[in-house]
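Working through the structure, step by step
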Amino acid sequence: MSACPSLPIPLRDVCDGPPQADPACAAADPWGPDLLVALSRVPDPRNSRGVRHRLVTVLAAAVCAVLAGARSYVGIAEWAHDLPVSVRVRLGIGRRAPSESTFRRVLQTVDAHALDTAVSSWLVERWGLGPEANQALRAVAVDGKTARGSRAPDQPARHLFAAFEHASGVVLGQTEVDDKSNEITAFAPLLDRIDLTGTVITADALHTQDRHATYLHQRGGHYVFLVKNNRPKLRTQLAGLPWRDIPALDLSQDKRHGRVESRTLKLTAIGSGIIFPHAQLAAQIVRRRRPTTSAATGTWHTETVYAVPDLGFGDIRANQLAEIIRDHWSIENKLHWIRDVTFAEDHSRIRTGNGPAVMATLRNFALSRHRLGGHTNIAAACRHTSRHPIRAADLLT
C-alpha cells in the first residue's frame, strides 16, 4: 500500500516532485486545488544545509497570518506560535513553529515575482477569473502605489505596480518598479502574466502611450486611456472635435464625500486623423462638483476630461464606457486605501530585501481571497479569521 494515504501530514509534503506529478497522492489529496500546491513551485533561496522548515510551510503560515490581519514579521510569528495540531498538520509545521527570524529571513530573500505569480495565478485558476468566465466586457485597472514606510536613508521608498479587476476586486498581479525607472516600463511586463483576450485595460494619463496601445492590440486586449496635458497635441485634437453638436448622456448625480457631483458624457466616432493608434471613439466627460456645505447658489467647479477607447459603437455603449472610466478609480479605495488602513502598509518599517514587495503580495492575496469569500469589509473579515486559526487554513482552498 502506498505510504501517501497513511501519513498524518499533507500529502504534498511527502510526495516527491511537483505535487501534480504523483497521481496516487493527487487522488488522495483531500483539499483539491490547494494554494500549497502553487506555493510549492516558488524556488527556495536558502542553502539546504541547516533548513528546519520547508519553504512552502513558511510561506503558507505567512499567508494565513496575513489573512488573519497580521501586519509584520512579529505578527506573523505570533500567529504561528500557538496553532492547534489540526492547523499545524495542515501547514506541515512540526513541533516548533518557525520563529520571527525565520519568517523575516525567508520573506526578505524569497523571489517576490515568483511568489506573486504563484498566488495570483492560483486565484485566477481556482476561481475562474479568466476572460471567458467574466462579464461580456471585462475591465482591469493598472496603477501604482508607493510603500512610504519602506524608505531608508540609502534607498527610496518601494513603488509597486498592480493590476486590479474592476468587477471582482481581485488583484491579478503586481510587480515592483525599479527605482531608476517608472510605471511606463513596468506596464507590459506586468500584463504579460494576464490573459488579455477581450479585456479592457484602464489606466491614468501617464500610460496614454502609443506603444501601450500597440501592445494591447497585439495581445487581443482593449484600452480606455485618459488624455491630459502630457499628450498636448492629442488633447488639442480631441478638444477641437464638434462637441457642441453631440448630444450628452446625463449620468447620475452623487452626493457623498462632502460634495455634490454631476457628470455628463459625450461620445463620438473619430477618423484616421487622430494621432493615437487603434483609437475608434473619443469621449468627453464633464464633471461638475460643489461642496455640500455651499449654499444653493454656491460656485460649481467644472472639469473636462477626454478619453480614447479602441472599441467601436458596436462594442460598447456610452453608459458602459462611463462606468468603466469611473470604476478605474476603485483601485484606489478597494486596494491602496485598504492596504494603508487595514494593513497599515505606509506605517510598516519593513524595508530590507524583497520584504516590502512580498508583504504587499500577501496583503493583496488576503483582500482578494476575502472578497472571493463574499466579504466586503476586509477589516471585519480579518477579525473574523483571526478568532480561530482553522478559518485561515480553510481559505487556502
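Residues numbered from 1 in each chain as written. Predicted model: local features only at pLDDT ≥ 70, side-chain atom pairs only at ≥ 80, totals over all residues. Heavy atoms only, no water.

**Description of the packing of helix 3 (residues 55–67) against helix 13 (residues 355–372)**
Where helix 3 meets helix 13, the closest approach of the two axes is 9 Å, and the angle between their N-to-C directions is 60°. Relative to helix 13, the element helix 3 lies oblique. Crossing hand, helix 3 versus helix 13: right-handed. Across the interface between the two elements, Ala 62, Val 63, Val 66 and Leu 67 from helix 3 touch Met 359, Leu 362, Arg 363, Phe 365, Ala 366, Arg 369 and His 370 from helix 13. When its residues are assigned to classes, the contact of helix 3 with helix 13 shows eight nonpolar, one polar and two charged. (Axes fitted to C-alpha atoms, helices over the stretch in contact; angles between N-to-C directions. Helix = DSSP H or I, 4+ residues; strand = E, 2+ residues; numbered from the N terminus. Parallel < 35°, antiparallel > 145°, perpendicular 65-115°, else oblique. Left-handed = near helix turned anticlockwise from the far one by under 90°. Contact = heavy atoms within 4.5 Å. Nonpolar A, V, L, I, M, F, W, Y, C, P; charged D, E, K, R; others polar.)

**Let's talk about helix 3**
Over its 13 residues, helix 3 runs 18 Å from end to end, which matches the ideal 18 Å to within 8%, given 1.5 Å per residue. When you tally the buried positions in helix 3, you get 13 out of 13 residues, the bulk of the element. Positive backbone phi, approximately 100°, marks Gly 69, located one or two places after helix 3. (Expected span 1.5 Å × (residues − 1). Buried < 20%, exposed > 50% of the residue type's maximum accessible area, 1.4 Å probe, protein only.)

**Remarks on unusual backbone geometry**
Its identity as a non-glycine residue notwithstanding, His 278 has a phi of 70°, on the positive side. One can find His 278 in the loop between strand 8 (259–269) and strand 9 (281–291). In this structure His 278 comes out as partly exposed when scored by relative accessible area, which is 35%. Here the phi dihedral of Ala 344 falls at roughly 50°; this positive angle occurs in a residue that is not glycine.

**Section: the nonpolar core**
If you look at the biggest cluster of nonpolar residues, it comprises 98 residues, and the most contacted ones within it are Trp 79, Leu 91, Leu 107 and Leu 191. No other element matches helix 3, which puts twelve residues into this core. Not counting the four nearest positions on each side in its chain, Leu 191 is found in contact with Val 142, Ala 163, Leu 196, Ile 201, Tyr 215, Leu 216 and Arg 219. (Core = buried A, V, L, I, M, F, W, Y, C linked by side-chain atoms within 4.5 Å.)

**Concerning the side chain of Ser 348**
Within the secondary structure layout, Ser 348 lies in the loop between helix 12 (330–341) and helix 13. With relative accessibility at 13%, the residue Ser 348 sits in the buried group.

**Thoughts on the confidence of the model for the protein chain**
For the protein chain, the mean per-residue pLDDT works out to 88, and 88% of the residues sit at or above 70. In the model, residues 1–32 has pLDDT below 50 throughout and makes 35 contacts with residues more than four positions away in sequence or in other chains. (pLDDT = per-residue confidence, 0-100.)

**Some points on the side chain of Asp 204**
Its location among the elements puts Asp 204 in the loop between strand 4 (199–203) and helix 9 (210–218). No salt bridge is formed by the buried Asp 204; the nearest opposite charge belongs to Lys 228, separated by 7.9 Å. Apart from the residues within four sequence positions on either side, Asp 204 is in contact with Asp 143, His 328 and Trp 329. (Lys, Arg positive; Asp, Glu negative; His and termini not counted. Salt bridge = Lys/Arg side-chain N within 4 Å of Asp/Glu carboxyl O.)

**Digging into helix 7 (residues 112–127)**
Helical geometry note: an α-helix holds 3.6 residues per turn, so side chains three or four residues apart project in the same direction. Taking 1.5 Å of rise per residue, 16 residues should cover 22 Å, and helix 7 covers 22 Å from first to last C-alpha, within 8% of that figure. Its side-chain oxygen at 2.9 Å from the backbone nitrogen of His 113, Asp 111 defines the N-terminal cap of helix 7. One or two residues past the end of helix 7 sits Gly 128, with phi positive at roughly 60°. (Polar contact = N/O pair within 3.5 Å; in protein donor to acceptor, adjacent residues only side chain to side chain.)

**Concerning the pattern of salt bridges**
Applying the stated criterion across every chain yields a total of 17 salt bridges. Notably, a salt bridge pairs Glu 345 with Lys 145, separated by 2.8 Å at the nearest N-O pair. Note that Glu 345 is positioned in the loop between helix 12 and helix 13 and Lys 145 in strand 1 (residues 138–147), a separation of 200 residues in sequence. Comparing Glu 345 with Lys 145, the two get one shared label, buried. Taking the shortest distance from any N to any O, the salt bridge between Glu 303 and Arg 289 comes out at 3.9 Å. Placement of Glu 303 in strand 10 (residues 301–309) and of Arg 289 in strand 9 is noted, with a sequence separation of 14 residues between them.

**Some words on the environment of Gly 144**
Position of Gly 144 relative to the elements: it lies in strand 1. Spatially, the C-alpha atoms of Gly 144 and Asn 182 are 9.6 Å apart, while their sequence positions differ by 38 residues. The contact partners of Gly 144, leaving out residues within four places of it in the chain, are His 159, Leu 160, Phe 161, Glu 183 and His 336.

**Let's talk about the packing of aromatic side chains**
The description of an aromatic ring pair uses the distance of the two centres, along with the angle that the planes make with each other. Within the structure shown, the criterion is met by six aromatic pairs. When the centroid spacing of 5.5 Å and the interplanar angle of 85° are considered together, the rings of Tyr 223 and Phe 276 count as edge-to-face. You can see Tyr 223 sitting in strand 5 (residues 222–227) and its partner Phe 276 sitting in the loop between strand 8 and strand 9, a full 53 residues away along the chain. The pair formed by Tyr 223 and Phe 276 is uniform in burial state, with each residue classed as buried. A ring pair is formed by Phe 225 and Phe 276, whose centres lie 6.2 Å apart and whose planes are at 85°; its orientation type is edge-to-face. Of the two residues, Phe 225 is situated in strand 5 and Phe 276 in the loop between strand 8 and strand 9; the sequence distance between them amounts to 51 residues. For the pair Phe 225 and Phe 276, one class covers both residues: buried. Taken together through their ring pairs, the aromatic side chains of Tyr 223, Phe 225 and Phe 276 make up a single cluster. Residue placement shows Arg 126 over the ring face of Trp 127; its charged tip is 5.1 Å from the ring centre. (Phe/Tyr/Trp six-rings, centres within 6.5 Å; stacked < 30°, edge-to-face > 60°. Lys NZ or Arg CZ within 6 Å of the ring centre and 35° of its normal.)

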